[in-house]
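# Secondary and tertiary structure notes
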Amino acid sequence: RVLVSILYIMGLCVVSGSISINIYALCQPLMSQGDTTFGASIIGFLFTVQSEALSVFFRYLLDARMHVENWRTETQQEDAMIMRSAVFKLFNAYFGIFFIAFAANRIPWAPHLRCPGWQCMPVVQGTFTSMMVFSLTYRLIKDKVVPAVVKWARENNPFGNEALKKKANLKVVQLPMEAQLDMQKPREIVQFYEEIVVQFGYIGMFGSCFPLVGFLALGMHFINLRAVAGTLLHTTQRPPYKCASDIGAWQDVLNFIALMTVVTNAGLCGLTGHAIYFYKPDLSYVDRLWMVAILEHVMLLIKILVDNCISPEPDSAVDVYLVKQNKKIALLDEHGIAEDLAKTV
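As the structure is a computational prediction, the values presented were derived from the model and not from experiment.

## Notes on the packing of aromatic side chains
Under the criterion given, the structure shown has twelve aromatic pairs. Ring geometry for Y94 and Y202: centres 5.1 Å apart, planes at 85 degrees, overall edge-to-face. Residue Y94 is located in helix α3 (residues 74-103), and its partner Y202 is located in helix α7 (residues 189-206); the two are separated by 108 residues in the primary sequence. For the pair Y94 and Y202, a shared accessibility class is recorded, and that class is buried. Geometrically, the ring pair formed by F128 and Y202 is tilted, given 6.4 Å between the ring centres and 50 degrees between the ring planes. You can see F128 sitting in helix α4 (residues 121-155) and its partner Y202 sitting in helix α7, a full 74 residues away along the chain. We classify F128 as buried; its relative accessible area is 0%. Three or more aromatic residues link up through ring pairs in this structure, and these residues are Y94, F98, F102, F128, Y202 and F206.

Structure, rendered in structure tokens:
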């Protein structure tokens, strides 16, 4: 059963990659050397539509497959679902840009896929910028506009409960729980996590193409934060509470994205872009490969040093925890209660 799920995901990844390549090929006539803005924007828009459409289909497929797979615990099932979702969502979101940046100019049997004038960086910049703008806008519409429209349609439906109550001049008093049941069902928490993780990957891996994307995402997230809060308060039901000790498999996904961030930015600066020739015009392609490898290893070394120098548990937080633990033990001793007994009560 697990193997069948993996085969389904691999098949969808192949479909996603094929669609991305065909979108790029169809939009190539819209671009020329020195004028790639319009064509790259169309590519970014179509990449966003493809990514969101396949993500919706994959969500239904994943739900069906997770009901079939027989996991021993709920935690194992959630971790498996997160890893399957992350594999497809990351491939579906990033393959198109990766193809343009690192493969379009390097396929000998497909010269028609080469970027205009062998310059792929402008195409990547335009595609990435438009994808960020369209994806952030779509997320705001999905989180705020769509629930508000559905709520308005329900309240103004001539055959709905609200319209019948108004016609009959009935004033129904509802408990807060009953009012919640009449609202729309909320999106699952894992879907919010997926969107944030994908955005993190966009900013981390391709931020060097458009350095202002971090400020753009920050501003849009501030707006979206209030939009989601308003939707949860007035439009949809509140998500059910779930207890977890940490973010689970998402931590592994974020670590992988952080690693790919180093590799991707080194490749973008050394291979996709040609700005290095302004400083070293005599560099050969082999020299550029060596430069990318050295830059990548230096950045990886810095990442490892930062990971080891910054403690995940700050000393101040540890001190506060120890003080509270000592107070708890002293209070238990004062009343003659053993600590082990207190844990089981």
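## Observations regarding unusual backbone geometry
In most cases, non-glycine residues show a negative phi, while peptide bonds are predominantly trans. Backbone geometry at W118 places phi at a positive 60 degrees, although glycine is not the residue there. Tracing the backbone shows W118 in the loop between α3 and α4. According to the relative accessible area criterion, W118 is partly exposed, its value standing at 46%.

## Thoughts on the side chain of T235
Mapped onto the elements of the fold, T235 is located in the loop between α8 (213-234) and α9 (250-272). For T235, a relative accessible area of 10% corresponds to the buried category. If near-sequence neighbours (up to four positions away) are discounted, T235 is found in contact with P147, A148, K151, M183, Q184 and G230.

## Things to note about the nonpolar core
Among the nonpolar cores identified, the biggest contains 43 residues, and Y24, Y94, I100, F128, Y202 and F206 are the most heavily contacted of them. Looking at this core, the elements with two or more residues in it are α1 (2-27), α2 (37-68), α3, α4, α7, α8 and α9. Counting ten residues, the second-largest nonpolar core is a separate cluster that includes I9, L12, C13 and F88.

## Examining the side chain of R139
Looking at the secondary structure, you find R139 in helix α4. There is a polar contact of 3.1 Å between the side chain of R139 and the side chain of H221. If near-sequence neighbours (up to four positions away) are discounted, R139 is found in contact with E195, I196, H221 and N224.

## Describing the environment of A217
By secondary structure assignment, the location of A217 is in helix α8. Accessibility expressed as a relative area gives 1% for A217, which makes it buried. Placed 14 residues apart in sequence, A217 and I203 show a C-alpha to C-alpha distance of 8.3 Å. Beyond its immediate stretch of four places on either side in the chain, A217 contacts M132, L136 and I203.

## Re the confidence of the model for the protein
The pLDDT averaged across the protein works out to 83; a share of 93% of its residues lies at or above 70. The secondary structure element of the protein with the lowest average pLDDT is helix α12 (residues 339-344), at 51, and the one with the highest is α1, at 91.

## Comments concerning the pattern of salt bridges
This model, assessed by the stated rule, comprises five salt bridges. Between D143 and R139 there is a salt bridge; the shortest N-O distance is 3.8 Å. Of this pair, D143 and R139 are both found in helix α4, four residues apart, which corresponds to roughly one turn of the helix. Taking relative accessible area as the criterion, D143 reaches 5% and is therefore assigned buried.

## A closer look at the packing of α9 against helix α10 (residues 285-309)
Two quantities define a packed helix pair, namely the angle between the axes and the distance from one axis to the other. Orientation of α9 relative to α10, taken along the N-to-C sense of each, is 150 degrees, at an axis distance of 9 Å. Between α9 and α10, the crossing angle belongs to the class labelled roughly antiparallel. In this structure, α9 crosses over α10, and the sense of that crossing is right-handed. Here A258, L259, V262, V263, A266, G267, G270, L271 and T272 of α9 come into contact with α10, specifically with Y285, R288, L289, M291, V292, L295, E296, M299, L300 and K303. Among the residues making up the contact of α9 with α10, the classes are represented as 13 nonpolar, three polar and three charged.

Conventions used here
Residues numbered from 1 in each chain as written. Predicted model: local features only at pLDDT ≥ 70, side-chain atom pairs only at ≥ 80, totals over all residues. Heavy atoms only, no water. Phe/Tyr/Trp six-rings, centres within 6.5 Å; stacked < 30°, edge-to-face > 60°. Helix = DSSP H or I, 4+ residues; strand = E, 2+ residues; numbered from the N terminus. Buried < 20%, exposed > 50% of the residue type's maximum accessible area, 1.4 Å probe, protein only. Contact = heavy atoms within 4.5 Å. Core = buried A, V, L, I, M, F, W, Y, C linked by side-chain atoms within 4.5 Å. Polar contact = N/O pair within 3.5 Å; in protein donor to acceptor, adjacent residues only side chain to side chain. pLDDT = per-residue confidence, 0-100. Salt bridge = Lys/Arg side-chain N within 4 Å of Asp/Glu carboxyl O. Axes fitted to C-alpha atoms, helices over the stretch in contact; angles between N-to-C directions. Parallel < 35°, antiparallel > 145°, perpendicular 65-115°, else oblique. Left-handed = near helix turned anticlockwise from the far one by under 90°. Nonpolar A, V, L, I, M, F, W, Y, C, P; charged D, E, K, R; others polar.

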